[in-house]
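# Structural characterization, general
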Amino acid sequence: TKPDWARGLRDFWKVGEAAAQERLNWWETHVDDYDDKRNFPSVDKVSRLSPHLHFGEISPVQVWHRFQHKRSDGWRTFEGELIWRDYAQNAILQFPAYASKNYREDFDRFPWRDPSTDDAAARDLKAWREGRTGYPIVDAGMRQLWQTGWMHNRVRMITASFLIKHLLIDWREGEKWFWDTLVDADYASNATNWQWTAGTGVDSNMFSRIMAPLTQSEKFDAARYIRIYVPELAALDAPYIHDPEEFGRRPVGYPRKIIAHRPARERALAALQAMKGG
Ligand SMILES: Cc1cc2nc3c(=O)[nH]c(=O)nc-3n(C[C@H](O)[C@H](O)[C@H](O)COP(=O)(O)OP(=O)(O)OC[C@H]3O[C@@H](n4cnc5c(N)ncnc54)[C@H](O)[C@@H]3O)c2cc1C
């Protein structure tokens, strides 16, 4: 057989300048809601311009000019996100090896679990990539990435934090996977966001900010999003869908959590302390 692995990508993305303009036209009628809705993965309230911007099918300056008549908070916040893109490009110009080296060198001593020598870490990395961690919001994000080549920003933050802090796996493993699977994979934006999440980068040290995936899932109302990408859970309502195991509603075939939140958090903070030398 010849599996058509690219079908999800084709269904989800139209390539080219005309498609970028079409998306920009659509976005003009939605950008005003961006401030309130951009963190909610269940609704279509982000621009999805990232691959078009990455491949130069539209420029950030064109986008900026189109919205100059806008005065809404939504536009102001969106403008700030476009500037993060430039910030990332600037970081890479100054530190070309940013995708492969910790900017903060003390993290070179961090006691990561290494999937190349530790079978349990290798299993965890595989479960993360395949969206089989037992955390519905993480699994939905990783499956969205595999099926469509894109993941909502809030969920990128949650899945990245989960790999680095819950699983204690080096951010560079995640950077590589996103690099291989994102349609908007961008050397600068990918590296800066992974280093930002890990706390290893030029920004403030964020390692001890450990996102609680189950709380995030409820707070940002991810139930509909989970139902789309994790069909095993499609019959569950909120709040059960955010944490089926805790409520005794885990369907057969959906994995148990590969690690519980609290011990994972404690292990991560202890590792940070060990790196600091006590
Ligand atoms: C771990 C991780 C890895 C990421 N890897 C990439 C990547 O490889 N390529 C990429 O383009 N973005 C990356 N991002 C940033 C962000 O998630 C995407 O730009 C955004 O989700 C794309 O969807 P959108 O076009 O609907 O964004 P919108 O929310 O509509 O934002 C508009 C544009 O602003 C820019 N932008 C928004 N947020 C960021 C950000 N945090 N950093 C840099 N630029 C931003 C993008 O060009 C985006 O298209 C990553 C974020 C995380 C947490």
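Keep in mind the model is a prediction, meaning the values are calculated, not measured. (Residues numbered from 1 in each chain as written. Predicted model: local features only at pLDDT ≥ 70, side-chain atom pairs only at ≥ 80, totals over all residues. Heavy atoms only, no water.)

## A look at the site of the ligand
Around the ligand there are 26 residues in total, and Y34, S47, R48, N153 and D184 lie nearest to it. Within the backbone of S50, a nitrogen or oxygen atom sits 3.0 Å from an oxygen atom of the ligand. Contact distances for the ligand include 2.9 Å between a nitrogen atom and a backbone N or O atom of D184. For the ligand, whose unbound accessible area comes to 820 Å², protein coverage reaches 96%. For the shell around the ligand, the secondary-structure elements that each account for two or more residues are helix 4 (50-54), helix 6 (73-94), helix 9 (153-166) and helix 11 (187-198). The element contributing the most residues to the shell around the ligand is helix 6, with 5 residues. The class makeup of the residues in the shell around the ligand is 14 nonpolar, 6 polar and 6 charged. (Near = heavy atom within 4 Å. Polar contact = N/O pair within 3.5 Å; in protein donor to acceptor, adjacent residues only side chain to side chain. Areas by Shrake-Rupley, 256 points an atom, 1.4 Å probe, with all protein chains shown as cover. Helix = DSSP H or I, 4+ residues; strand = E, 2+ residues; numbered from the N terminus. Nonpolar A, V, L, I, M, F, W, Y, C, P; charged D, E, K, R; others polar.)

## What about the side chain of N39?
Tracing the chain through its elements places N39 in the loop between helix 3 (34-37) and helix 4. We classify N39 as buried; its relative accessible area is 17%. A distance of 3.2 Å separates a polar atom in the side chain of N39 from a polar atom in the side chain of R154. Beyond its immediate sequence surroundings of up to four residues, N39 is in contact with H152, R154 and F220. (Buried < 20%, exposed > 50% of the residue type's maximum accessible area, 1.4 Å probe, protein only. Contact = heavy atoms within 4.5 Å.)

## Comments concerning unusual backbone geometry
Excluding glycine, most residues fall at negative phi; most peptide bonds, likewise, are trans. For the bond from A238 to P239, the omega torsion is 5°, close enough to zero to count as cis. Considering the arrangement of structural elements, one finds P239 in the loop between helix 13 (223-229) and helix 14 (261-275). Phi is positive for R48, which is not a glycine, with a value near 55°. By secondary structure assignment, the location of R48 is in the loop between helix 3 and helix 4.

## So, the nonpolar core
Core analysis: the biggest nonpolar cluster contains 49 residues, and F110, W128, V138, M142, F178, W194 and F207 have the highest contact counts within it. Of all the secondary structure elements, the ones that give two or more residues to this core are helix 7 (119-130), helix 8 (136-148), helix 9, helix 10 (171-181), helix 11, helix 13 and helix 14. Apart from residues no more than four positions distant in its own chain, F207 is found in contact with F107, F110, W112, I164, K165, A198, G199, A268 and L272. Within the second largest apolar cluster, 17 residues are counted, among which are A20, W27, V63 and W75. (Core = buried A, V, L, I, M, F, W, Y, C linked by side-chain atoms within 4.5 Å.)

## Concerning the packing of helix 8 against helix 9
Remark: helix 8 packs on helix 9, axes separated minimally by 9 Å, with the N-to-C direction vectors making an angle of 110°. Judged by the inter-axis angle, helix 8 sits roughly perpendicular to helix 9. Considering how the two elements wind past one another, helix 8 and helix 9 form a crossing that is left-handed. Residues I137, V138, G141 and M142 of helix 8 form the contact with helix 9, whose own contacting residues are V155, I158, T159 and F162. Its residues placed into classes, the contact of helix 8 with helix 9 shows 6 nonpolar, 2 polar and no charged. (Axes fitted to C-alpha atoms, helices over the stretch in contact; angles between N-to-C directions. Parallel < 35°, antiparallel > 145°, perpendicular 65-115°, else oblique. Left-handed = near helix turned anticlockwise from the far one by under 90°.)

## Observations concerning helix 8
Spanning 13 residues, helix 8 covers 18 Å between terminal C-alpha atoms, matching the ideal 18 Å at 1.5 Å per step. Counting buried positions along helix 8 yields 11 of 13 residues, so the element is predominantly enclosed. Within helix 8, burial applies to P136, I137, V138, D139, A140, G141, M142, R143, Q144, L145 and T148. Where helix 8 is buried, its residues meet helix 1 (7-12), helix 7, helix 9, helix 10, helix 12 (213-219) and helix 13. Just downstream of helix 8 lies G149, where phi reads positive at about 80°. (Expected span 1.5 Å × (residues − 1).)

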